[in-house]
Amino acid sequence: MQMTVLLHLVMIGAAADLLSGMIPNGLIVAGLLCGMAGQICALGAQGWINWILGVVIPLAALAGLYWFRMIGAGDIKLLCVIGGFLGPGRCVSCIILTFLFGGLISAILVIKRRNLFARLFYFRSYIAHFLQTKQWSSYRRESGRDGQFCFSLPVLLGLVFTLGGGI
């Protein structure tokens, strides 16, 4: 039952992200509370620890990518919900699978958009600028979204494969 609730929450989050570009915070709060209740009901006091670790791992692992605006806050919060339900071990598996699917989707989009060299040049320029100036700037540009896609889709795919046996 818990995994069905989780899957539905993440599907709703991905659909909202695809439609509006945002994952509703109400959905995140509901998901965190459901994950906490599920962990506590299943494991008692150990459930608190599993829930906290599952929520904190995505925050710690992806904070750097968020700081550079290479990933959105909603995607990280959605992974925190997943971690709250799955606990730390399966959360790490889900994050790994999410990034594998993200890489696959990125490769498909680069081939479809025929912009591999433009994307590599942009990344190299971004890194060189950061190393030279030591000043933060957002990786994402508001204009020219040729290098962006909705990352909640790889999050959903990572969850589905994690629930199906994953890695």
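Our structure's up above, just so we're on the same page.
Residues numbered from 1 in each chain as written. Predicted model: local features only at pLDDT ≥ 70, side-chain atom pairs only at ≥ 80, totals over all residues. Heavy atoms only, no water.

Looking at the side chain of Gln39
- Here Gln39 lies in helix α2 (residues 25-43).
- You can call Gln39 buried: its relative accessible area is 6%.
- Ignoring any residue separated from it by four or fewer positions in sequence, one finds Gln39 in contact with Gln2, Gly44, Gly47, Asn50, Trp51, Gly84, Phe85, Leu86 and Gly87. (Helix = DSSP H or I, 4+ residues; strand = E, 2+ residues; numbered from the N terminus. Buried < 20%, exposed > 50% of the residue type's maximum accessible area, 1.4 Å probe, protein only. Contact = heavy atoms within 4.5 Å.)

Some remarks on the packing of aromatic side chains
- Within this structure, the stated rule accounts for seven aromatic pairs.
- Between Phe68 and Tyr126, the ring centres sit 6.1 Å apart and the planes meet at 85°, which makes this aromatic pair edge-to-face. Of the two residues, Phe68 is situated in the loop between α3 (45-67) and α4 (73-86) and Tyr126 in helix α6 (residues 116-133); the sequence distance between them amounts to 58 residues. This pair shows no difference in class: Phe68 is buried, exactly as Tyr126 is.
- Ring centres 4.9 Å apart and planes at 50° place the aromatic pair Phe101 and Phe161 in the tilted group. Here Phe161 lies in helix α7 (residues 152-163) and Phe101 lies in helix α5 (residues 88-113), a separation of 60 residues in the sequence.
- An aromatic cluster of three or more residues is present, and its members are Trp67, Phe68, Tyr126 and Phe130.
- Directly above the ring of Tyr66 sits Arg69, whose terminal nitrogen or CZ lies 4.4 Å from the centroid. (Phe/Tyr/Trp six-rings, centres within 6.5 Å; stacked < 30°, edge-to-face > 60°. Lys NZ or Arg CZ within 6 Å of the ring centre and 35° of its normal.)

Side note on the packing of α4 against α7
- Put simply, α4 and α7 touch, their axes get as near as 10 Å, and they point 15° apart. In terms of axis orientation, α4 runs roughly parallel to α7. In the packing of α4 onto α7, the handedness of the crossing is right-handed. Residues Asp75, Leu78, Leu79, Ile82 and Leu86 of α4 form the contact with α7, whose participating residues are Ser152, Val155, Leu159, Thr162 and Leu163.
- A per-class count over the contact of α4 with α7 returns seven nonpolar, two polar and one charged. (Axes fitted to C-alpha atoms, helices over the stretch in contact; angles between N-to-C directions. Parallel < 35°, antiparallel > 145°, perpendicular 65-115°, else oblique. Left-handed = near helix turned anticlockwise from the far one by under 90°. Nonpolar A, V, L, I, M, F, W, Y, C, P; charged D, E, K, R; others polar.)

A few points about the nonpolar core
- In terms of nonpolar packing, the biggest core is built from 27 residues, with Leu6, Val10, Leu79, Ile82, Val155 and Leu159 touching the most fellow members.
- Residue assignment for this core shows that the elements contributing at least two residues are α1 (2-20), α2, α3, α4, α5 and α7.
- A per-element tally of this core places α4 first, with eight residues.
- Setting aside anything within four residues of it in sequence, one finds Leu79 in contact with Pro58, Leu62, Cys91, Cys94, Ile95, Thr98 and Val155. (Core = buried A, V, L, I, M, F, W, Y, C linked by side-chain atoms within 4.5 Å.)

A word on α7
- Spanning 12 residues, α7 covers 16 Å between terminal C-alpha atoms, matching the ideal 16 Å at 1.5 Å per step.
- The set of residues buried in α7 consists of Ser152, Pro154, Val155, Leu156, Gly158, Leu159 and Thr162.
- Considering only its buried residues, α7 is in contact with α1, α4 and α5.
- Backbone geometry just downstream of α7 places Gly165 in the positive-phi region, at approximately 130°. (Expected span 1.5 Å × (residues − 1).)

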